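Each chain is listed here by its residues.
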Amino acid sequence: MDITPLSIDGAWEITPKLHGDPRGLFTEWYRFDLLADAVGHPLDLRQGNLSVSAAGVVRGIHFADVPPGQAKYVTCTRGAVLDVIVDIRVGSPTFGQWQGVQLDEDTRKAVYIAEGLGHGFCALSDDATLTYLCSATYNPGHEHGVHPLDAELAIEWPAEVPQLSDRDAKSPSFAEAKDSGLLPVYGTCVEYTRGLRTDS
């Protein structure tokens with residue numbers, strides 16, 4: 001597989017090698033060792049999630065307090081989504097920027113999202129199915145959101161009328177989250193992930 005850094009520090013795109021013939025397809029969609037080599041530390045797998053969405057559904061932008069945060073390894077096993085990573089880390093060189101990667105059942109790509117980054121997606125097809133590997137279990141008191149349609153972020157969602165959950169629709173704006181001290185701090189995130197390195 002090819003593991004390529006994205007424009008936001010702490011995010012990678014993973015493109016697996018597909019082996020197919022008339023019988024079907026085989027691929028390694030996750031490799032513990034190769035991911036650890038690329039990001040500098042192993043993924044401490046604590047929880048696996050599966051999300052199914054109708055076309056036009058937007059979920060996010062979600063993040064968790066750091067430490068410990070919640071790193072995610074995300075792939076689409078059915079249909080297609082636009083997966084979006086947002087740099088919400090105060091003090092980061094790319095603070096406020098976002099990058100989208102299409103994940104689908106044809107390319108079988110994945111993304112790795114480090115602790116402290118915001119994550120969301122838009123379903124491009126009905127029954128779009130995402131599988132997440134997560135570095136921390138769900139902790140409702142330490143997990144937050146930023147409104148995905150916030151004008152300051154200006155994310156180009158590929159949906160005419162994005163469908164949001166009540167939770168996401170009630171999330172604070174990017175500015176409100178920053179002013180309230182809710183957002184992670186870049187230096188804290190870097191220090192935390194440095195402590196995860198096996199060679200430190």
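Located above this text is the structure these notes cover.
Residues numbered from 1 in each chain as written. Predicted model: local features only at pLDDT ≥ 70, side-chain atom pairs only at ≥ 80, totals over all residues. Heavy atoms only, no water.

**Regarding the sheet that holds strand S12 (residues 128–134)**
Then step 1. Pairing in this open sheet of six strands is antiparallel, and the strands run S1-S2-S10-S7-S12-S5 from one edge to the other. Both outer strands of the open sheet, strand S1 (2–5) and strand S5 (47–53), are each paired with one neighbouring strand and no more. Each strand of the sheet is rotated relative to its neighbour by a mean of 20°, with strand direction disregarded.
Then step 2. Bridge count for S1 against strand S2 (residues 11–15) is four bridges, and the pairing is antiparallel. If you follow Thr4 over to S2, its bridge partner there is Glu13.
Then step 3. Packing of helix H1 (residues 32–39) onto the sheet brings it into contact with S1, S2, strand S7 (72–78) and strand S10 (110–113), and relative to S1 it is tilted by some 25°. (Pairing = 2+ DSSP bridges. Helix = DSSP H or I, 4+ residues; strand = E, 2+ residues; numbered from the N terminus. Axes fitted to C-alpha atoms, helices over the stretch in contact; angles between N-to-C directions. Contact = heavy atoms within 4.5 Å.)

**Structural notes on the pattern of salt bridges**
Pairing between side chains becomes possible if they bear opposite charge and their charged atoms approach one another.
Then step 1. Taken as a whole and judged by the stated rule, the model has eight salt bridges.
Then step 2. Its salt-bridge partner being Lys109, residue Glu13 comes within 3.6 Å of it at the nearest N-O pair. Of the two residues, Glu13 sits in strand S2 while Lys109 sits in the loop between strand S9 (98–104) and S10, which places them 96 residues apart along the sequence.
Then step 3. Put simply, Asp44 and Arg46 hold a salt bridge, and the shortest N to O gap is 2.9 Å.
Then step 4. Overall, Asp44 belongs to the partly exposed group, its relative accessible area being 40%.
Then step 5. One salt-bridge network, in which partners are shared between bridges, spans Glu28, Arg31 and Asp33. (Salt bridge = Lys/Arg side-chain N within 4 Å of Asp/Glu carboxyl O. Buried < 20%, exposed > 50% of the residue type's maximum accessible area, 1.4 Å probe, protein only.)

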